[in-house]
Amino acid sequence: MVVREQFEIELKEVKDKVILLAEKAKKQLNESVTALYQADIKAAERVIDADAALDKMDLDINETSILLIARQQPVASDLRKLIVAIRTASDLERMADNAKNIARSTLHLGENHELTIHPALDDMREVAIRMIDLAILSYREEDITLAKKLSELDDLIDGMYANVLKELLEETATNPQKIQLIMQMAFSGRYIERFGDHLTNIAENIMYLVKGQSLDLNE
C-alpha cells in the first residue's frame, strides 16, 4: 500500500510538471507576440533565452516518466498517464520553440521596420491562449468533452491564418521593397497557427489517456 501511495504521489508530480510547462509555454507565446507588436528587441531576446529552461523541463518529464515505467511496471491506465505526459510535454516544448521563432522574427524585423503588424495575429494569439487554458483544464480533469473543443478552436486558427496569409501576400505586391519584412509577419502567423496543431495533438493524447485508444481529431 505504501508503495502504491508513493507511486500515486510521483504520478501527480509528473502531471503537475506538465501543467507547469504548459503555463510557461503560454507565457512564452504571450510575451513573444507582445514583443512583435512593440518591436521590443530586449523582450524578444528574453523569450529566446528562456527557451532553454523549457527544453530542460521537457527532458525532466521524459526521464522521470521513463524511470517510473521501468521501476514500477505500471498497469495499463497508469502507463497511459506516463505515456501521455511524455507526449504532451513534447508538444508543449515544440510550442515553446514556435514562440522562440516569433521572437526571432522580431529580431529580424528590428526596432525601426515601420510595418504595421497585422491585427489578426493578436486575435490568433487570443485563440491560442484559450486553447492552452482549455488543454490544461482538460488534462487536469481528464475531460474528453473539453479536449474535443480544442479541435474546433484549431479550425478557427487555421482559418484566421489563411486570411492573414492571403492579405500579407497581397501586401507584398504593393510593397515589394519590404517583402522580406512582410514575410517575417507571415512566418509569425504560421508559428501561432502551429500552436493550434500541437494543442490538437494534446487533445488526442487526453482522449487516449481516458479511452485507451488513439483518435485523429484532424480528420
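Everything below is about the structure shown above.
All values reported here derive from a predicted model rather than from experimental measurement.

Criteria and thresholds
Residues numbered from 1 in each chain as written. Predicted model: local features only at pLDDT ≥ 70, side-chain atom pairs only at ≥ 80, totals over all residues. Heavy atoms only, no water. Helix = DSSP H or I, 4+ residues; strand = E, 2+ residues; numbered from the N terminus. Contact = heavy atoms within 4.5 Å. Areas by Shrake-Rupley, 256 points an atom, 1.4 Å probe, with all protein chains shown as cover. Lys, Arg positive; Asp, Glu negative; His and termini not counted. Charge placed at Lys NZ, Arg CZ, Asp CG, Glu CD. Salt bridge = Lys/Arg side-chain N within 4 Å of Asp/Glu carboxyl O. Buried < 20%, exposed > 50% of the residue type's maximum accessible area, 1.4 Å probe, protein only. Core = buried A, V, L, I, M, F, W, Y, C linked by side-chain atoms within 4.5 Å. Phe/Tyr/Trp six-rings, centres within 6.5 Å; stacked < 30°, edge-to-face > 60°. Lys NZ or Arg CZ within 6 Å of the ring centre and 35° of its normal. Expected span 1.5 Å × (residues − 1). Polar contact = N/O pair within 3.5 Å; in protein donor to acceptor, adjacent residues only side chain to side chain. 1 Å grid on protein atoms, 1.4 Å probe; cavity = no way out; pocket = protein on both sides within 12 Å on 5 of 7 lines; lining within 4 Å. Points joined across faces, edges and corners; volume = space filled by probe spheres on them. Axes fitted to C-alpha atoms, helices over the stretch in contact; angles between N-to-C directions. Parallel < 35°, antiparallel > 145°, perpendicular 65-115°, else oblique. Nonpolar A, V, L, I, M, F, W, Y, C, P; charged D, E, K, R; others polar.

1. A word on the overall build of the protein
- Assigned secondary structure in the protein consists of 6 helices and 0 strands.
- Across the protein, helices and strands are ordered from the amino to the carboxyl terminus as α-α-α-α-α-α.
- In terms of overall dimensions, the protein has a C-alpha envelope of 70 × 35 × 20 Å along the principal axes.
- Nonlocal contacts in the protein, meaning residues at least 24 apart in sequence, comprise 82% of its contacts between residues at least 6 apart.
- Approximately 10,900 Å² of the protein is accessible, and the part contributed by carbon and sulfur atoms is 51%.
- Each charge class in the protein was averaged separately, 27 positive and 40 negative side chains, and the resulting centres sit 3 Å apart.

2. What to know about the pattern of salt bridges
- Overall, the coordinates contain 14 salt bridges when judged by the stated rule.
- Here Lys26 and Asp133 are joined by a salt bridge, their closest N and O atoms 2.7 Å apart. With Lys26 in helix α1 (residues 2-38) and Asp133 in helix α4 (residues 119-141), this residue pair connects regions lying 107 residues apart in the sequence.
- Measuring nitrogen to oxygen at the nearest pair gives 2.9 Å for the salt bridge that ties Asp197 to Arg194. Highlighted residues: Asp197 and Arg194, both in helix α6 (residues 179-211), separated by 3 residues, approximately one helical turn.
- Assessed through its relative accessible area of 27%, Arg194 is described here as partly exposed.

3. Brief notes about the nonpolar core
- Grouped together as the largest cluster of nonpolar side chains are 61 residues, with contacts concentrated most on Leu29, Leu121, Met124 and Ile192.
- At the level of elements, α1, α2 (41-72), α3 (76-109), α4, α5 (144-174) and α6 are the ones that each hand at least two residues to this core.
- With 6 residues, the next largest nonpolar core counts Ala43, Ala44, Ile48 and Ala103 among its residues.

4. Digging into the packing of aromatic side chains
- Scanning all chains against the criterion turns up 0 aromatic pairs.
- Stacked on the ring of Tyr139, the Lys or Arg Lys15 has its end atom at 5.5 Å from the ring centre.
- The ring of Tyr208 carries Arg87 above its face, with NZ or CZ at 4.8 Å from the centroid.

5. Comments concerning α3
- Its 34 residues give α3 an end-to-end C-alpha distance of 50 Å, which sits within 8% of 50 Å, the value for a rise of 1.5 Å per residue.
- Within two residues after α3, Gly110 carries a phi angle of roughly 80°, on the positive side.

6. So, the environment of Thr200
- Considering the arrangement of structural elements, one finds Thr200 in helix α6.
- Residue classification places Thr200 among the buried residues on the basis of a relative accessible area of 0%.
- At 3.2 Å, the side chain of Thr200 and the side chain of Asp154 are in polar contact.

7. What to know about empty space enclosed by the protein
- Per the counting criterion, the structure on display carries 1 cavity of 30 Å³ or more.
- Within this model, the largest cavity holds a volume of roughly 60 Å³.
- As for the largest cavity, its lining consists of Val18, Ile19, Ala22, Thr88, Leu92, Ile132, Ala135, Ile136, Tyr139 and Ile202.
- It is α4 that contributes the most residues to the lining of the largest cavity, 4 residues altogether.

8. Some words on α1
- With 37 residues, α1 extends 54 Å from end C-alpha to end C-alpha; this agrees with the ideal 54 Å at 1.5 Å per step.
- Looking at the residues trailing α1, positive phi occurs at Ala39, about 50°.

9. Structural notes on the packing of α3 against α6
- At a closest axis distance of 9 Å, the pairing of α3 and α6 adopts a crossing angle of 170°. As far as their axial angle goes, α6 and α3 are roughly antiparallel.
- Counted by class, the contact of α3 with α6 contains 17 nonpolar, 10 polar and 6 charged residues.

10. Brief notes about the side chain of Asp154
- Structurally, Asp154 is set in helix α5.
- Of the side chains with opposite charge, Arg194 comes closest to the buried, unpaired Asp154, at an N-O distance of 8.1 Å.
- Engagement of the side chain of Asp154 in a polar contact is seen with the backbone nitrogen of Asp197, the distance being 3.5 Å.

Any functional reading would require information that these geometric values do not contain.
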